[in-house]
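For reference, the chains in residue letters:
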Amino acid sequence: MYKQLISSLLLGLCFISPVFAGSAADDVDVSKPWAREVPPGLTTSAGFLTLHNKGSKEHRLVAAESPAAGMVELHTHINDNGVMRMRPVDDIPIPSGGMAELKPGGYHLMLMMLKKPLKSGQTMPITLEFEDGSKKEIQAEILHFSMERNMQHMNKEH
Ligand SMILES: [Cu+2]
């Protein structure tokens, strides 16, 4: 009787455990997180990173927050008759076995109501939240615009 109960409990665990095995936070790796330096007085900046999904199903980044910012939104850029505009999005999909890039001119984390200026050389903690509620904390490196990895549009202005 007890044996049966125990084996059915174990069987139950076997069925349950795979569900917990791969949270989105476990499946998704983050590389190159950085945020743009802003001069004193400006309280809005943008954060960028690359999300790699090692898992076998699609995941979605659904929210982000930081103790250094009053609010963080997920944004994308759209081309509105030749004018680049930012627009909030509900989530950013990360295809299984693929990646999602947050970079200047595309998806980004809109860092709003910054509590102090972002200075290059410092880091900013950001917590990413995925569709299943799992979370991942990262440290974004603050970069001056002259150090940005994506220099194309800068070169045009100088
Ligand atoms: Cu934005």
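Not measured: the values here are computed from a predicted model.

Engineer: Even after reading the chapter, I still don't get the overall build of the protein, so can you show me in this structure?
Structural biologist: Looking only at helices and strands, the protein features three helices and 10 strands. Ordered by position from N to C terminus, the α and β elements of the protein give α-α-β-β-β-β-β-β-β-β-β-β-α. Classification of the 158 residues of the protein by burial places 22% in the buried group.

Engineer: Teacher, can you tell me more about the nonpolar core here?
Structural biologist: Taken as a class, soluble globular proteins show a tendency for nonpolar side chains to be buried jointly. Formed by 25 residues in total, the largest nonpolar core has its most connected members in A35, L61, A64, L109, M124 and I126. Those elements that place two or more of their residues in this core are β1 (28-36), β2 (45-53), β3 (59-65), β4 (69-80), β6 (92-94), β8 (108-114), β9 (123-130) and β10 (135-143).

Engineer: What am I meant to see in the environment of H108 here?
Structural biologist: Relative to the helices and strands, H108 resides in strand β8. Spatially, the C-alpha atom of H108 lies 5.3 Å from that of H75, the residues being 33 residues apart in sequence. Setting aside residues no more than four positions away along its own chain, H108 makes contact with A46, G47, F48, H75 and L102.

Engineer: What am I meant to see in the pairing of β4 here?
Structural biologist: Within a regular strand, the side chains alternate between the two sheet faces. Strand direction decides the pairing type here: β4 and β8, joined by six bridges, are antiparallel. Across the sheet, the residue bridging to H75 is H108, located in β8. Note that β4 and strand β5 (residues 83-88) share six bridges and pair antiparallel. Bridge pairing in β5 links H77 to M86. Counted along the chain from β4 to the antiparallel partner β5, the turn is two residues long, and its residue N81 has a positive phi close to 50 degrees.

Engineer: Even after reading the chapter, I still don't get unusual backbone geometry, so can you show me in this structure?
Structural biologist: With glycine set apart, most residues show a phi of negative sign, and most peptide bonds adopt trans. One non-glycine residue, N81, lies in positive phi territory at about 50 degrees. With respect to the secondary-structure elements, N81 resides in the loop between β4 and β5. Note on N81: 5 C-beta atoms within 10 Å, which makes it exposed. Its identity as a non-glycine residue notwithstanding, M113 has a phi of 50 degrees, on the positive side.

Engineer: I would appreciate a short explanation of the environment of G41 in the present structure.
Structural biologist: Checked against the element boundaries, G41 lands in the loop between β1 and β2. Separated by 76 residues in sequence, G41 and P117 place their C-alpha atoms 7.5 Å apart.

Engineer: What am I meant to see in the confidence of the model for the protein here?
Structural biologist: Any region with low pLDDT has predicted coordinates that should not be read closely. Confidence along the protein averages 86 in pLDDT terms, with 80% of residues attaining 70 or more. With pLDDT under 50 throughout, residues 151-158 is counted as low confidence; its partners more than four residues away or in other chains account for two contacts.

Engineer: Please clarify how the environment of L143 should be interpreted in this entry.
Structural biologist: Examined against the element boundaries, L143 turns out to sit in strand β10. A sequence separation of 20 residues divides L143 from T123, and the C-alpha atoms of the two residues are 9.1 Å apart.

Rules used throughout
- Residues numbered from 1 in each chain as written.
- Predicted model: local features only at pLDDT ≥ 70, side-chain atom pairs only at ≥ 80, totals over all residues.
- Helix = DSSP H or I, 4+ residues; strand = E, 2+ residues; numbered from the N terminus.
- Buried ≥ 20, exposed ≤ 12 C-beta atoms within 10 Å, placed from the backbone.
- Core = buried A, V, L, I, M, F, W, Y, C linked by C-beta atoms within 7 Å.
- Contact = placed C-beta atoms within 7 Å.
- Pairing = 2+ DSSP bridges.
- pLDDT = per-residue confidence, 0-100.

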